[in-house]
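Notes for the structure review
What follows is the residue order along each chain.
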Amino acid sequence: MNRKRFRVSKSLVAMAVTALVLAGCGGGQLNGGFGGPVGELDRDAVLRVTTSSPTRNLDPYMQTSYGGWGYMTPLFDRLTTVDAKGDLLPGLANSWKFAKNGSYLELALRNDVEFHDGTHFDAAAVAANIERGQNMEGSTVKAALHNITSVDVVDDYTVRLRLAPGTGVELPGVFSTNVGMMISPKTIEAGTDIRNNPGNAGSGAFLVEEYVPQESLSLVRAPGTNWDPEAGKVAGIEFEAISDASTRLNGLKTGMTDLSWVSSANEVVEAQNLGRAGALGVDEVVFRNVLGLYMRAEGDLAKPQVRQAVATAIDPAAVSALFSGTCKPYRQLYPAGSWSADAAYRYPYSFDTEKAAALARSAGGAKIELTFGAGTNTEKTANVLQGSLSKAGIKADLNPVPNTQNEPRYVAGDFPSMVANSFSPKVDPAETVNTFVLGAYDLGNGNAHIEDLAKRAADPTLTHEQRAPLYQQIWDSTLREAMFVPICNQTNAQIFTNKVVGVEDIAWVDLGIFDVRHVGMTE
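Since we're looking at a predicted model, the values are computed, not measured. (Residues numbered from 1 in each chain as written. Predicted model: local features only at pLDDT ≥ 70, side-chain atom pairs only at ≥ 80, totals over all residues. Heavy atoms only, no water.)

1. Remarks on the side chain of lysine 426
Within the secondary structure, lysine 426 sits in the loop between β17 (417-423) and α14 (429-437). Of the side chains bearing the opposite charge, glutamate 431 lies closest to the buried lysine 426, which forms no salt bridge; the N-O distance is 5.1 Å. In this view, lysine 426 contacts Arg288, Tyr334, Glu431, Thr432, Thr435 and Phe436; residues no more than four positions away in its chain are not counted. (Helix = DSSP H or I, 4+ residues; strand = E, 2+ residues; numbered from the N terminus. Buried < 20%, exposed > 50% of the residue type's maximum accessible area, 1.4 Å probe, protein only. Lys, Arg positive; Asp, Glu negative; His and termini not counted. Salt bridge = Lys/Arg side-chain N within 4 Å of Asp/Glu carboxyl O. Contact = heavy atoms within 4.5 Å.)

2. Considerations on the packing of α14 against helix α16 (residues 464-481)
A pair of packed helices can be characterised by two numbers: the angle between their axes and the separation between those axes. At a minimum axis distance of 11 Å, the contact between α14 and α16 shows a crossing angle of 20°. The orientation of α14 relative to α16 falls into the category roughly parallel. α14 and α16 meet at a crossing whose hand is left-handed. Across the interface between the two elements, Pro429, Ala430, Thr432, Val433 and Val437 from α14 touch Arg467, Tyr471, Ile474, Trp475 and Thr478 from α16. Counted by class, the contact of α14 with α16 contains 7 nonpolar, 2 polar and 1 charged residues. (Axes fitted to C-alpha atoms, helices over the stretch in contact; angles between N-to-C directions. Parallel < 35°, antiparallel > 145°, perpendicular 65-115°, else oblique. Left-handed = near helix turned anticlockwise from the far one by under 90°. Nonpolar A, V, L, I, M, F, W, Y, C, P; charged D, E, K, R; others polar.)

3. Notes on the sheet that holds strand β6 (residues 148-155)
Strands belonging to one sheet form pairs held by backbone hydrogen bonds; the direction of such a pair is parallel or antiparallel. The strand order across the open sheet formed by 4 strands is β4-β5-β7-β6, and the pairing between neighbours is antiparallel. For this open sheet the edge positions go to β4 (93-98) and β6, each flanked by a neighbour on one side alone. Each neighbouring strand pair of the sheet contributes to a mean axis angle of 20°, computed without reference to strand direction. Alignment of β6 against strand β7 (residues 158-163), held across 6 bridges, turns out to be antiparallel. Across the sheet, the residue bridging to aspartate 155 is threonine 158, located in β7. (Pairing = 2+ DSSP bridges.)

4. Thoughts on the pairing of strand β11 (residues 259-262)
Across the two faces of β11 the burial is the same, with Leu259 and Trp261 and Ser260 and Val262 all buried. Pairing geometry for β11 and strand β18 (residues 484-496), over 4 bridges, is antiparallel. Note on β18: the bridge partner recorded for tryptophan 261 is glutamine 494.

5. Some points on the domain arrangement of the protein
Examined at the domain level, the protein breaks down into domain 1 (41-203 + 497-522) and domain 2 (287-491). Facing the 20 residues of domain 1 at the interface are 14 residues of domain 2. Across the domain 1/domain 2 interface, buried area totals approximately 1300 Å², and carbon plus sulfur atoms make up 64% of it. The tally of links from domain 1 across to domain 2 stands at 0 salt bridges. Our enumeration of links across domain 1 and domain 2 arrives at 2 residue pairs in polar contact (both at pLDDT 80 or more). (Domains from an automatic or database assignment. Buried area = accessible area lost by both parts, 1.4 Å probe. Polar contact = N/O pair within 3.5 Å; in protein donor to acceptor, adjacent residues only side chain to side chain.)

6. Section: the environment of alanine 144
Positionally, alanine 144 belongs in helix α4 (residues 142-145). A sequence separation of 47 residues divides alanine 144 from lysine 97, and the C-alpha atoms of the two residues are 18 Å apart. Once you skip the residues sitting within four places of it in the chain, alanine 144 turns out to touch Leu171, Val174 and Val179.

7. Section: the UniProt feature "domain: Solute-binding protein family" (unreviewed entry) in the protein
Per the UniProt record, "domain: Solute-binding protein family" (unreviewed entry) is annotated on residues 89-438. In residues 89-438, helix accounts for 31% and strand for 25%; the two terminal C-alpha atoms are 27 Å from one another. (UniProt positions renumbered as here; feature names shortened; annotations may be inferred.)

Now the structure itself:
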């Protein structure tokens, strides 16, 4: 197959953009005049994708951030999957159920899947992968699998995961991520290092043709018929990591790229205009991630009145205006429509400058240091927050740090606060609680009531209907602690040419990442 490498040079893009003339930028529905894809699928096409996040390696169990997941979904199938709404669906596991006493999770597996090395996928393969994830040196999924005490191979296509008492309710959702990506037992037994070349270790519709860590990945469709009829619609996929959003957008405008995403305000607005003009297809998705302010109970922030004053001084509308309306004010932790969200919930610290000032005075004054990733969209947010806090008599100092450092250093306890959009609700709320409320972010602030609720809500014998009110109490109690101030959800714009099909069904886009294994192109 003749494959054409694509490199989106800024200079080439700049020259080509001058030739692009928009038909108009008036109001109206997005994609006005954009007729959408027509014609038969072109199975010889190569889908060219640009994304903001690089991938450091291709081993599912050695991922240090979820930015690398999207590169691997065409290579490795998962035990479960999610749809574009974040709802859980079968994958390599046809179904799953917990024991009546919660002692195990049983997975019923597909019986028609082979890895590319010819090894059959079965219960023994699941057991081998879980053992690898729990024990492999450098594994980043040990914590996700630590509640599994042992694995029973019931028969060829039934596996039981024995669980520590009262745990494991989040596992079906966890298995929709890199944790559930399966590799061949033959690869595991050989101890093969698949970080730079997975070879035939996967069962997905594609194989690696060329890989440059942190830069690009070239995939070619695997021979034969894949078990998933919706996968492998194109002959190849070319991924390239480009951090600059305007460069990614320009790649679409000049025809050098077929599919990409932008979330920064200027590029989202420009994409909206291009969509209205019919120049590109645009699909807007609201992030699940919540842009907000993290705080720790240190210094002045150890006083509840100070944290409450900060929460009350923040105006979500001012932040939304900063993003040209592309960051929708939202004051909950879980997205509207999620089974654990409360549609009638009212945030306890609505914007009120005078009330915030009174709270700060009652605490004897207030000071906060706003840490943020320098050069990111949280920099301007931090400046807006500084102004709002100042109006309430709260002294706020800005603390810019390199973007690669702010999150890990905050988690390590180096900073008393952080402006970030990293609060990411998981498929199952139990994982969200473990990560953000009771975990390293400590949004629950050691609240014993929250810990008790979390233990009760994580009972795998309960239904969603029984767990939902418990989680709603957890979210309310957590927000009342004012260790995190939710502000708004940003908009992620999917941008694509008129030959691309299946964009509206791409999963994970509301997390700022992607799963393009089902995307196709027309002739």
